[in-house]
Amino acid sequence: MPVNRLKQYIILTLVFFLSASLFSAISVIKAEDSGSGKVVYVIPIENEVERGLEAFLSRTTKEAEAKGADHIIFEIDTPGGRVDSARQIAELLQDLELPTTSFVINQALSAGSYIALNTDNIYMKPQANMGASGVINQDGTAADKKAESAWLSAMKSAAESKGRDKLYAAAMADPSIDLPEYGAEKGKYLTLDPESAVKVGYSKATVKDRAEMLSDLGLSNATIIEKEPTLSENIARFITNPVVVPILLSIASLGLIVELYSPGFGIPGIMGLLSLILFFYGHVVAGLAGMEAIILLILGLVLIIAEFFVPGGIAGLLGVASVVGSLIISGQDIGHMSMSIGIAFIVAIIASIILFKTMGMEKGFFRHIILKDQTSTELGYVSTVNRLELIGLEGVTVTQLRPSGTAVFDDERLDVVSEGGFIQSNRPVKVVKVEGVRVVVREVREVREV
């Protein structure tokens, strides 16, 4: 074979292998860019931010890490909620080693914006917004200066932790910052629309749906695992809502009070017990109540029941204190829980007064612990024999009457009293009145003939 032809074969072979290697490398790069082989967890953050949401996010993010997920996307639509819960969620997000993205579907306001700022990326739908993060009390009034300062610092730190300008995060929580170009002149909290969020560097892009966002992240062909709250977590989120807690405790107290006045065990008692069980079930699932709260509750109920059989009142007081203590340590806020218990207590007092006036204590549980037997005359009981037959009977005093003493009537010795005057012994007397055991006599004076 000629040398030139051999060189041509060698060159063509090298070109073939180089082309194949280049094509393979390009295919690998494209596969990596499209996210093939990667796993993405999609976790919703919806409704109010509270401890039930915190428990849900804790479970799902731990699962994502354990299953080797490559990315976590939080789809956010929340008006905000509790500051303490938002702080716990932020700490959870900051500790994640996986890349995280917030996808604001509708709104990420107040605590919702704070959660979004603690993720690596933010995307927004065209109609979405985020911000308006002023901290307020549960009654709608402005929080104190200390709470506002702490929240403002948290907002700025969240923005800085992910390389964002802290000015806009501060404006979301501080109305004194003047940003009229973004519709937040002095006196208003900053709320960013998608265009403004991209402009200030908070949002990476405005996308119409999840597919477009995944494409922008290079995860179009990734395996998507969508997580939803379990039934238990949904129940916990509902029950731990600050509005629901006082209602639930009021139903529990009302049901148990009505049951005390009702014969047998019926619907009111079942409602009361179910409300109490639901309260503790939801708070246990949300991670608010532990076994110590359950043990304290059971101990309290045992002491309250013991009070009906042990005199003194100490067992009852300790029982009530134990039940109240179990409720307080189960709540996420002592002030709110104290208010809820107070409302339930007032409901119980009002119900007790109404039921006592309308039904008395002759029915229900009270009928077993209140003595109703009477030694009345109608039932055949008499305390003394009223000897009316003695009236008019004459006899003789045995002792002096001062005014009481003894007299004999038809050989029967009786204790008697005079009408008030002194009567010597051996004087004739006459019975003029009988009042139970009290026999009243009058001296009989002799009438002399003239």
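Worth saying up front: this structure is predicted, and the values here are computed from it rather than measured.

Scanning the chain from terminus to terminus reveals 14 helices and 13 strands. Across the 450 residues that make up the chain, the buried fraction comes to 40%. Contacts in the chain between residues far apart in sequence, at least 24 positions, make up 61% of those at least 6 positions apart.

If you check helix α11 (residues 267-285), its first and last C-alpha atoms are 26 Å apart, about what 19 residues at 1.5 Å a residue would give, namely 27 Å. Every buried residue of α11 is accounted for by G269, G272, S275, L276, F279, F280, G282 and H283.

Take S133: it is sitting in the loop between β5 (129-131) and α5 (145-161). Exposure remark for S133: the relative accessible area of 0% places this residue in the buried category. Within the structure, the side chain of S133 is placed 3.4 Å from the backbone oxygen of S110, a separation counted as a polar contact. Side-chain polar atoms of S133 contact the backbone oxygen of G131, separated by 3.2 Å.

Before going further, it helps to spend a moment on the packing of aromatic side chains. On inspection of all chains with the given rule, the structure shows four aromatic pairs. Both rings, one in Y114 and one in W151, keep their centres 4.9 Å apart while their planes meet at 55 degrees; by these two values the pair is tilted. Here Y114, found in helix α4 (residues 111-117), pairs with W151, found in helix α5; they are 37 residues apart in sequence, far enough to count as distant. Judged by relative accessible area, W151 falls into the buried class, the value being 3%. Here the aromatic rings of Y168 and Y182 are separated by 5.7 Å at their centres, their planes lie at 90 degrees, and the arrangement is edge-to-face. Placement of Y168 in helix α6 (residues 166-173) and of Y182 in the loop between α6 and β6 (191-192) is noted, with a sequence separation of 14 residues between them. Across the pair, exposure class does not vary: Y168 and Y182 are buried alike. A network of ring pairs unites the aromatic residues Y168, Y182 and Y202 as a single cluster.

Membership of the largest hydrophobic core comes to 52 residues, with the highest contact counts inside it found for F74, M130, L190 and Y202. Aside from chain neighbours lying at most four places away, what touches F74 is I43, I45, L57, T61, L93, L96, T100, T101, S102, F103 and T119. One finds F280, V323, M337 and A344 within the second-largest nonpolar core, a separate group that totals 16 residues.

Throughout the structure, instances matching the rule amount to 14 salt bridges. Between E63 and K227 there is a salt bridge; the shortest N-O distance is 3.0 Å. Taken as a pair, E63 in helix α2 (residues 51-66) and K227 in the loop between β8 (223-226) and α9 (231-239) lie far apart in primary sequence, 164 residues in all. Here K227 falls in the buried class, since its relative accessible area comes to 16%. Its salt-bridge partner being E160, residue K166 comes within 3.8 Å of it at the nearest N-O pair. In the salt-bridge network here, residues are joined through shared partners; they are R59, E63 and K227.

Where helix α3 (residues 83-94) meets α5, the closest approach of the two axes is 12 Å, and the angle between their N-to-C directions is 20 degrees. By the criterion of interaxial angle, the relationship of α3 to α5 is roughly parallel. The interaxial crossing formed by α3 with α5 has left-handed handedness. Note on element contacts: α5 touches α3 through A150, W151, A154 and S161, opposite V83, R87 and Q94. Taken together, the residues of the contact of α3 with α5 sort by class into four nonpolar, two polar and one charged.

Here the focus is the sheet that holds strand β12 (residues 428-435). One closed barrel holds the five strands; their spatial order is β9-β10-β11-β13-β12, and the pairing between them is mixed. The sheet shows a mean angle of 55 degrees between the axes of neighbouring strands, direction not considered.

Another point: the UniProt feature "transmembrane region" (unreviewed entry) in the chain. The residues that UniProt annotates with the feature "transmembrane region" (unreviewed entry) are residues 238-258, 265-282, 313-331 and 337-356. With 81% helix and 0% strand, residues 238-258 has end C-alpha atoms that lie 26 Å from one another.

Cis geometry is found at the peptide bond from R402 to P403, where omega equals 0 degrees. Tracing the sequence through the fold places P403 in the loop between β9 (394-397) and β10 (404-409). Unusually for a residue other than glycine, N47 sits at a positive phi of about 60 degrees. Counting through the fold element by element, N47 comes out in the loop between β1 (39-46) and α2. Looking at N47, the relative accessible area reads 54%, which means it is exposed.

Mean pLDDT over the chain stands at 80; residues scoring 70 or higher make up 80%. Within the chain, strand β4 (residues 121-124) carries the highest mean pLDDT (96), whereas helix α1 (residues 3-34) carries the lowest (52). Every residue in residues 22-32 scores below 50 in pLDDT, and together they form three contacts with partners more than four places removed in sequence or on other chains. Low pLDDT (under 50) marks residues 364-371, which in the prediction has 17 contacts with non-local residues, meaning those over four places away or in another chain.

Glancing now at a negative patch on the surface. Among the surface-exposed residues, E65, E91, D95 and E97 lie close enough to one another that they form a single negatively charged patch. Take D95: it is sitting in the loop between α3 and β3 (100-109). With relative accessibility at 55%, the residue D95 sits in the exposed group.

The rules behind each value
- Each chain has its residues counted from 1, following the order in which its sequence is written.
- In keeping with the predicted nature of the model, local features appear solely for residues at pLDDT of at least 70, side-chain atom pairs appear and are counted solely at 80 or more, and the whole-chain, interface and lining totals rest on all residues.
- Side-chain metrics rest on all non-hydrogen atoms present in the structure, leaving aside hydrogens and water.
- By the criteria applied, helices consist of DSSP H or I runs no shorter than four residues and strands consist of E runs no shorter than two, each listed in order from the N terminus.
- The buried label applies to any residue whose accessible area, calculated with a 1.4 Å probe on protein chains only, is under 20% of its type's maximum; exposed applies above 50%, and partly exposed to all values in between.
- Contact criterion: two residues are considered in contact whenever any of their non-hydrogen atoms come within 4.5 Å of each other.
- Expected span, for any helix, means 1.5 Å times one less than how many residues it has.
- A 3.5 Å cut-off defines polar contacts: any pair of N or O atoms within that distance qualifies, except that in protein one atom must be a possible hydrogen donor and the other a possible acceptor, and neighbouring residues in sequence count only when both atoms are side-chain atoms.
- Under the pairing criterion, centres of Phe, Tyr and Trp rings, with the six-membered ring standing for Trp, must be within 6.5 Å; the plane angle then separates stacked pairs below 30 degrees from edge-to-face pairs above 60, leaving the rest tilted.
- Nonpolar cores were defined as sets of buried Ala, Val, Leu, Ile, Met, Phe, Trp, Tyr and Cys residues, with membership established by side-chain atoms within 4.5 Å.
- Counted as salt bridges are all cases of a side-chain nitrogen of Lys or Arg within 4 Å of a carboxyl oxygen of Asp or Glu.
- Only the stretch in contact is used when a helix axis is fitted, and all axes are lines through C-alpha atoms; the angle between N-to-C directions ranges over 0 to 180 degrees.
- In what follows, roughly perpendicular refers to angles from 65 to 115 degrees, roughly parallel to angles under 35, roughly antiparallel to angles over 145, and oblique to any angle outside these ranges.
- In this scheme the crossing of two helices becomes right-handed for a clockwise turn of the near helix relative to the far one and left-handed for an anticlockwise turn of less than a right angle.
- Basically, the charged four are Asp, Glu, Lys and Arg, the nonpolar ten are Ala, Val, Leu, Ile, Met, Phe, Trp, Tyr, Cys and Pro, and anything else, Gly included, counts as polar.
- For two strands to pair, DSSP has to find at least two bridges joining them.
- UniProt positions are given in the numbering used here, feature names are shortened, and annotations may be inferred rather than shown by experiment.
- Residue-level confidence of the predictor is what pLDDT reports, using numbers from 0 through 100.
- Here a patch means residues that are over 30% exposed by relative accessible area and free of salt bridges, tied together within 9 Å if like-charged and within 5 Å if nonpolar (Val, Leu, Ile, Met, Phe, Trp, Tyr).
- Only the protein chains shown count as cover for residues, and the accessible areas themselves come from Shrake-Rupley with a 1.4 Å probe.
- Asp and Glu are treated as the negative residues and Lys and Arg as the positive ones, with His and the ends of the chain left uncounted.
- In plain terms, the charge of a residue is placed at NZ if it is Lys, CZ if Arg, CG if Asp and CD if Glu.

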